Amino acid sequence: MVDIIDGALFQRMVIHGSASISAQKQAINDLNVFPVPDGDTGTNMSLTIGTAAAEAKKKPAQSIGKAASINASALLRGARGNSGVILSLLFRGVSKGLKERDEADGAAFAAALNEGVSAAYKAVMKPAEGTILTVSRLAAAKASEAAQEHNSVEAVLEAAIAEGQAALANTVNQNPVLKKAGVVDAGGKGFLCILQGMLDELRGLPVPEEEDGGLPVKEGADFGALSEEDITFTFDTVFIVRKTPGQSIEPFRAYLNGIGDSLVIGEDDDSFKVHVHTDTPGAALSEAQKYGTLELAKIENMRTQAEELAAGKKAQSTDDLDQVEAELEGHEGGDAIAPPEKKYGVVAVSAGAGMAGVFKDLGVDGVISGGQTMNPSTEDICREIARTPAEVVFVLPNNKNIIMAAQQCVGLIEGKEVVVVPTRTVPQGISAMLVLDPEADTQTNAAAMEEARKNVRTCEVTYAARNSDFDGFDIHEGDYMALAEGQLFGTDRAIGSLLERLAQADSQQNAEFISIFYGEDVSEEQANEALSIFQKQCPNAEITLLSGGQPVYYYMISAE
């Protein structure tokens, strides 16, 4: 039984917890009761704590206070989606509870867990029961009880997880949406998955393999085991691509087999990860972009590596890029805070070249690529705020799952006032941008932008990612789905029929202005057909058709 932990052990626990949720992220994603293909809970929580795990590997700490501080800082920067932000708040409180400690026993660790719960509850404006908050609160309370009986970190974690599992099972009864779907809360499950990984580290259990669709994809070659004659192709190439929905990657697999060897592809619902040895990594990356969005690439010259190792030298690797990048940023200004050149600046989150172009035309200073399936982190948003040459920077998240991550930026950028306008859709962001007055004071602008976003009614058309019986709708995978203000409006096997029903809804019938943004999977001809439907059904409205180029959503329709 492990009674006391120091900083080094705490960091190993975080790394193990990160691997545990990564291995189960798709199972957590599948708890999403709404069948829209979105930035799921498991993915967001995994990416968030993955940032902390990476930091722990780079910055070892002996005292638990220092280790917890490093962990909390990384989680704050890497927080993605609401679940990721809440996770970062829980660990921020843990850091506060362990501050200046060299070690922690069971009682200290239990107190830190409760400090984390307090931090999370304080930050959430309307805490709801049957969520990660409930699970963490009951687990932490049980941890304190357990510490009185056995002052051991291992015993405390074991008791917390057992109580958390009971609380998780009960979330289906506390949340009407979960009850209707017959599933437990995804965020609560993700949190317990991380705690279980931390406990497994204390017990000496092996770290699970990261989830890659069942296929072990190598991160890189074992250069020490290579000789010149073993190297058929020069470049060890690893990259990750976020998939285009509905497109098979089998032709790409055949292409890669034709230009290299040692090919392994791991695949899940959202992305695929490739490891291949090839002489033409550029060709592989270019071809990959036909199947989705390239997110990360790592290319290493195996011949050079082998020669350097054979000569007894340290082989250069892409692992050295952090140092090189830091040096380059030092020369070029990197993430330095841009001095103010004007009173107001705006940063917006948006997906699709067309949408980005609209925001740029309206005067937005920085557009962060993101939205559904692509929730940017707090660090991503902070970086763009820092680059904006203004005293006051308004942030338009344009997605309900990005608002909390944006709000964490407030107060983090020295010399800049950050104001988050809680826009939940891109059309709301556009309307908010239209009323920004360079001559008005900050409070007046914030109020006007808030009022403008409230006056916009947004409908979206996407597809069902899975079969579901949701809110009285019998939904089948592949159905077209219409959402009105984020709520399910209807489904249909024919998109034209669904668009006609949307056009007949009150929000469109009472509108003076309607804007239709069509996505990357919609042809101009199909978009014009949608325009014709709305022109026929809404004769009194001024209707504009624009190419948004957004993924996931075939159409975003705003009515004012």
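To start, this report covers the structure provided alongside it.

How each quantity is defined
- Residues numbered from 1 in each chain as written.
- Predicted model: local features only at pLDDT ≥ 70, side-chain atom pairs only at ≥ 80, totals over all residues.
- Heavy atoms only, no water.
- Helix = DSSP H or I, 4+ residues; strand = E, 2+ residues; numbered from the N terminus.
- Buried < 20%, exposed > 50% of the residue type's maximum accessible area, 1.4 Å probe, protein only.
- Contact = heavy atoms within 4.5 Å.
- Areas by Shrake-Rupley, 256 points an atom, 1.4 Å probe, with all protein chains shown as cover.
- Pairing = 2+ DSSP bridges.
- Axes fitted to C-alpha atoms, helices over the stretch in contact; angles between N-to-C directions.
- Core = buried A, V, L, I, M, F, W, Y, C linked by side-chain atoms within 4.5 Å.
- Disulfide = S-S within 2.5 Å.
- Expected span 1.5 Å × (residues − 1).
- Salt bridge = Lys/Arg side-chain N within 4 Å of Asp/Glu carboxyl O.
- Parallel < 35°, antiparallel > 145°, perpendicular 65-115°, else oblique.
- Nonpolar A, V, L, I, M, F, W, Y, C, P; charged D, E, K, R; others polar.
- Phe/Tyr/Trp six-rings, centres within 6.5 Å; stacked < 30°, edge-to-face > 60°.
- Right-handed = clockwise from strand over helix to strand, strands pointing away.
- Left-handed = near helix turned anticlockwise from the far one by under 90°.

Quick look at the overall build of the protein chain now. Per the secondary structure count, the protein chain includes 21 helices and 18 strands. The buried share of the protein chain, taken over its 560 residues, is 52%. A fraction of 71% describes how many contacts in the protein chain between residues 6 or more apart in sequence connect residues 24 or more apart. Surface accessibility of the protein chain: about 24,800 Å² in total, with carbon and sulfur atoms responsible for 48%.

Bringing the sheet that holds strand β8 (residues 366–369) into the picture now. Sheet architecture is open: four strands sit in the order β8-β7-β9-β10, paired in parallel fashion. The sheet is open, and its two borders are formed by β8 and β10 (417–420), each paired with just one other strand. Pairs of neighbouring strands in the sheet enclose a mean axial angle of 20°, with direction left out of account. Note: strand β7 (residues 342–350) against strand β9 (residues 390–396), six bridges, orientation parallel. Of the residues in β9, the one forming a bridge with Val 347 is Val 395. Contacts from helix α15 (residues 378–387) reach β7, β8, β9 and β10 within the one sheet, and its direction differs from that of β8 by about 165°.

In this section: the nonpolar core. By size, the foremost hydrophobic cluster in this structure holds 79 residues, and its most contacted members are Ile 5, Phe 10, Phe 109, Met 198, Ile 381 and Ile 385. Top contributing element to this core by residue count: helix α9 (residues 186–202), with nine residues. With residues up to four places along the chain from it excluded, the contact list for Ile 385 reads Val 347, Val 393, Val 395, Cys 409, Ile 413, Lys 416 and Val 418. Val 346, Phe 359, Leu 396 and Val 426 belong to the second largest nonpolar core, which has 27 residues in total.

Attention now goes to the state of the cysteines. A full pass over the atoms with the stated rule returns zero disulfides. Take Cys 409: it sits in no disulfide, and the sulfur closest to it among the cysteines is that of Cys 382, at 3.2 Å. By relative accessible area, which is 0% here, Cys 409 ends up buried.

Let's shift gears to the environment of Lys 290. You can see Lys 290 is positioned in the loop between α11 (281–288) and β6 (292–301). The spatial distance from the C-alpha of Lys 290 to the C-alpha of Ile 249 is 9.5 Å, given a sequence separation of 41 residues.

The next thing to look at is helix α4 (residues 81–97). Taking 1.5 Å per residue as the helical rise, α4 with its 17 residues ought to reach 24 Å, and the 25 Å between its terminal C-alpha atoms agrees with that figure. Along α4, 13 of the 17 residues are buried, which leaves the element largely enclosed by surrounding structure.

So, on to the pattern of salt bridges. For the structure on display, the rule yields 22 salt bridges. Here the salt bridges share partners, and the residues they tie into one network are Glu 55, Lys 58, Lys 59, Arg 77, Arg 80, Glu 379, Asp 380 and Arg 383.

At a minimum axis separation of 11 Å, α4 and α9 run at an interaxial angle of 45°. In terms of orientation, α4 lies oblique with respect to α9. Listed contacts from α9 to Leu 87, Leu 90 and Phe 91 of α4 are Phe 191, Ile 194 and Met 198. For the contact of α4 with α9, the class distribution of residues is six nonpolar, no polar and no charged.

So, on to the packing of aromatic side chains. We describe a pair of aromatic rings using the distance from one ring centre to the other and the angle between the two ring planes. For the structure shown, the criterion picks out six aromatic pairs. Here the aromatic rings of Tyr 480 and Tyr 554 are separated by 5.6 Å at their centres, their planes lie at 65°, and the arrangement is edge-to-face. Of this pair, Tyr 480 sits in strand β14 (residues 480–484) while Tyr 554 sits in the loop between β17 (542–547) and β18 (555–559), and the two are 74 residues apart along the sequence. Note on Tyr 480: relative accessible area 23%, which makes it partly exposed. By way of ring pairs, the aromatic residues Phe 239, Phe 252, Tyr 255 and Tyr 291 are connected into one cluster.

It is worth spelling out the pairing of β7 at this point. Most of β7 is tucked away, with seven of its nine residues classed as buried. With helix α14 (residues 353–361) bridging β7 and the parallel β8, this β-α-β connection has right-handed handedness.

The next point concerns the packing of helix α1 (residues 7–29) against α9. Packing of α1 against α9 leaves a shortest axis separation of 7 Å and a crossing angle of 140°. Compared by their axis directions, α1 and α9 come out oblique. Crossing hand, α1 versus α9: right-handed. Facing Leu 9, Phe 10, Arg 12, Met 13, Val 14, His 16, Gly 17, Ser 20, Ile 21, Gln 24 and Ile 28 of α1, the residues of α9 in contact are Ala 186, Lys 189, Gly 190, Cys 193, Ile 194, Gly 197, Met 198, Asp 200, Glu 201 and Leu 202. Here the contact of α1 with α9 is built from residues that sort into eleven nonpolar, six polar and four charged.

The phi torsion at Glu 100 lies on the positive side, around 65°, for a residue other than glycine. With respect to the secondary-structure elements, Glu 100 resides in the loop between α4 and β2 (103–104). On the basis of relative accessible area, Glu 100 is assigned to the exposed category, the value being 74%. One non-glycine residue with positive phi stands out, namely Asn 398, at about 60°. The buried category is assigned to Asn 398, whose relative accessible area is 6%.

Our next topic: the sheet that holds strand β15 (residues 487–492). Across a sheet, strands are paired by hydrogen bonds formed along the backbone, either parallel or antiparallel in direction. With mixed pairing, the six strands of this open sheet are ordered in space as β15-β14-β11-β18-β16-β17. Single-partner strands in this sheet number two, and they are β15 and β17. Neighbouring strand axes in the sheet, compared pairwise and without regard to direction, differ in orientation by 20° on average. Alignment of β14 against β15, held across five bridges, turns out to be antiparallel. Its bridge partner being in β15, Ala 484 is matched across the sheet by Gln 487. Across the sheet, helix α17 (residues 426–434) touches β11 (457–463), β16 (513–518) and β18, and the angle it forms with β18 is around 45°.

The next point concerns the pairing of strand β3 (residues 235–243). In terms of burial, β3 is a largely internal element, seven of the nine residues being buried. In this structure, β3 lies alongside strand β5 (residues 271–278), joined through eight bridges in antiparallel fashion. If you follow Arg 242 over to β5, its bridge partner there is Ser 271. Two elements, β3 and β6, share nine bridges in a ladder whose sense is antiparallel. Paired with Phe 235 across the bridge in β6 is Asn 301.

Honestly, that's just the spatial picture; any functional story needs more than this.
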